[in-house]
Amino acid sequence: MIEESALRVAEKELENKGFLDVELDPSLDLFAEIEKLKKQKNAVILAHYYQEPDIQDVADYIGDSLGLAQQAQKTDADIIVFAGVHFMAETAKILNPQKKVLLPDLKAGCSLSDSCPPPLFKKFKEKHPGHVVISYINCSAGIKALSDVICTSSNAKIIVESFPEEQPIIFAPDKNLGAYINKITGRNMVLWDGACMVHEIFSLEKIIKLKVRHPRAKLIAHPECEEAVLKHADFIGSTTGLLKFTQTDDAMEYIVATETGIIHQMMKASPHKTFIPAPPDNSCACNNCPHMKLNTLEKLYLCMQYEKPEILIDEELRLAAKKPIDRMLEISAKAGL
Ligand code: 13P
Ligand code: SF4
């Protein structure tokens, strides 16, 4: 009885304090504790490649945005712990209203998603009547609800090409991915002026200098990078695409123009190869996504223990945002992705 009330008080304190401030016993084996919690709670951990290595190592599935959405769609776990950023966890919740979806740090947002506020986008859309809207998954539920179909970096070309050539299209929110898709499909989509802070930071000048020092290194780049960087790339692809390329290609050295988290999997898959993060245009570690890196192993453990922060979404918004996601998943499945 005493124990029970003490527990309630402790929980209340925790609520007030913000449970992320809880001091963890440093001797706790978080890997083992997280494994225990997964079993106890029938929870699954889905992690993006940009998460810190410890989180990737404890995850049940690691993938790019499309892979993660597909896993979220088919999981039979009761709890989805999303080690990624808000729009990813929100997508999982949109697909799974009956499940609990947790995000270790609710502040893990996305500069690209933030660059496209729904009220402004609604006006933009009104200025372009007759256009269908294709939105990159890196956007809020509000933008998804204003879209006809969602895409990710691994299926954007297929999604765009699912529309007839003469169909006018708005592509949001990433202008770099949109421009790249315009280039490889010969389309002329109207682009929303948004970008990712991590992929815009690479210095072409420093990359070229690096290439001179490492003449056999191949430059591999994510399509969120600016055109100037993409022009020099030997291979362009989503995070999964980049990882697969390094596994099948015969080069021994790669300059990697995307967030550094992916290098953990590249090194695990090809320990005999060298992976050099593409340098940013200043001395900061800006090619680490500050949003992705808000999640830590400690926060992951706490969020599984206390089952929060939880992603919640208004039902009307959820239904409107689900339609274009379902459409993306259908087109992708038909294309064998
Ligand atoms: P992908 O997961 O599609 O490679 O996109 C990378 C990204 O920026 C996610 O935020
Ligand atoms: Fe958003 Fe860029 Fe971070 Fe991806 S890497 S979550 S697009 S800010």
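Every chain is numbered on its own, with residues counted from 1 as its sequence reads. Labels follow written order: the first chain is A, the first ligand is 1, and so on. Only residues with pLDDT of 70 or above have their local features reported here, since the model is predicted, and side-chain atom pairs are shown and tallied only from 80 upward, although totals for entire chains, interfaces and linings are computed over all residues. Values shown for side chains rest on all heavy atoms present in the structure; no hydrogens or waters enter the calculation.

Mind showing me how you'd approach the overall build of the protein chain here?
In terms of helices and strands, the protein chain carries 16 helices and 12 strands. Taking 20 Å as the expected radius of gyration for a compact globule of 337 residues, we find that the protein chain reaches 21 Å, a close match to that expectation. Here the C-alpha coordinates of the protein chain stretch approximately 70 × 50 × 35 Å along the principal axes. A 1.4 Å probe rolled over the protein chains alone gives each residue an accessible area, and that area as a share of the maximum for its type sets the label: buried under 20%, exposed over 50%, partly exposed in between. When burial is assessed residue by residue, the protein chain has 53% of its 337 residues classed as buried. Strands are runs of DSSP state E lasting at least 2 residues, helices are runs of H or I lasting at least 4, and numbering of each runs from the N terminus. With C-alpha atoms as the basis for the radius of gyration, the globule rule is written as 2.2 Å multiplied by the number of residues raised to the power 0.38.

I tried to follow helix α5 (residues 86-95) on my own but got confused; where do I start?
Quick reminder: α-helices carry 3.6 residues per turn. Residues three or four places apart thus point the same way. Counting buried positions along α5 yields nine of 10 residues, so the element is predominantly enclosed. Every buried residue of α5 is accounted for by Phe87, Met88, Ala89, Glu90, Thr91, Ala92, Lys93, Ile94 and Leu95. Contact partners of the buried residues in α5: β1 (43-48), α4 (65-74), β3 (79-83), β4 (100-102), α8 (141-145) and α16 (315-334). Contact criterion: two residues are considered in contact whenever any of their non-hydrogen atoms come within 4.5 Å of each other.

What exactly am I supposed to notice about the nonpolar core here?
Considering soluble globular proteins, one finds that nonpolar side chains tend to be buried as a cluster. Core analysis: the biggest nonpolar cluster contains 65 residues, and Phe82, Ile134, Ala257 and Met328 have the highest contact counts within it. At six residues, α5 tops the list of elements feeding residues into this core. In this view, methionine 328 contacts Leu66, Ile137, Val149, Ile150, Cys151, Thr152, Asn155 and Ile159; residues no more than four positions away in its chain are not counted. Within this scheme, the nonpolar core is defined by two criteria: the residues are buried Ala, Val, Leu, Ile, Met, Phe, Trp, Tyr or Cys, and they are joined through side-chain atoms within 4.5 Å. One finds Leu37, Ala59, Ile79 and Met304 within the second-largest nonpolar core, a separate group that totals 19 residues.

Even after reading the chapter, I still don't get the site of ligand 2, so can you show me in this structure?
The environment of ligand 2 is made up of Tyr50, Val85, Cys110, Ser111, Asn138, Cys196, Val198, Glu224, Cys289, His291 and Met292. Residues of the shell around ligand 2, tallied by class, amount to seven nonpolar, three polar and one charged. Note on terminology: near, applied to a residue and a molecule or strand, indicates that one of the residue's heavy atoms is within 4 Å of it. Here the term charged refers only to Asp, Glu, Lys and Arg, the term nonpolar to Ala, Val, Leu, Ile, Met, Phe, Trp, Tyr, Cys and Pro, and the term polar to all other amino acids, Gly among them.

I would appreciate a short explanation of the site of ligand 1 in the present structure.
What surrounds ligand 1 is a group of 14 residues, the closest being His48, Ser65, Ser153, His222 and Thr239. Only the protein chains shown count as covering a residue, and every accessible area follows the Shrake-Rupley method with a 1.4 Å probe. Isolated, ligand 1 exposes 300 Å² of accessible area, and the fraction of that covered by the protein chains is 96%. Residue composition of the shell around ligand 1, by class: five nonpolar, seven polar and two charged.

Whenever I open this one, the pairing of strand β12 (residues 274-277) confuses me. Can you help?
Consecutive side chains along a regular strand alternate between the two faces of the sheet. When DSSP locates at least two bridges between a pair of strands, those strands are taken to pair. When strand β11 (residues 253-257) meets β12, the two strands line up parallel, connected through four bridges. What sits directly across from tyrosine 254, in β12, is phenylalanine 275. The parallel pair β11 and β12 is bridged by helix α14 (residues 262-269), and the resulting crossover is right-handed. By convention, orient the strands away from the viewer: a clockwise path from the first strand over the helix to the second makes the crossover right-handed.

What am I meant to see in the packing of helix α13 (residues 239-248) against α14 here?
A pair of packed helices can be characterised by two numbers: the angle between their axes and the separation between those axes. Two numbers describe how α13 lies on α14: the axes approach to 10 Å, and their chain directions differ by 25°. Of the possible angle classes, the one that applies to α13 and α14 is roughly parallel. The way α13 lies across α14 gives a crossing that is right-handed. Contacts from Thr239, Leu242, Leu243, Thr246 and Gln247 in α13 reach Ile262, Gln265, Met266 and Ala269 in α14. Axes here mean lines fitted to C-alpha atoms, for a helix over just the part in contact, with angles spanning 0 to 180 degrees between N-to-C directions. When an angle is under 35 degrees it counts as roughly parallel; over 145 it counts as roughly antiparallel; between 65 and 115 it counts as roughly perpendicular; any other value is oblique. Helix crossings get a hand from a simple test, with the near helix turned counterclockwise from the far one by less than a right angle marking a left-handed crossing and a clockwise turn marking a right-handed one.

Hey, could you run me through the environment of valine 81 in this one?
Relative to the assigned elements, valine 81 resides in strand β3. Put simply, valine 81 and threonine 260 are 179 residues apart on the chain and 22 Å apart in space, counted from C-alpha to C-alpha. Setting aside residues up to four positions removed in sequence, valine 81 forms contacts with Ala43, Val44, Ile45, Leu46, Leu102, Leu300, Cys303 and Met304.

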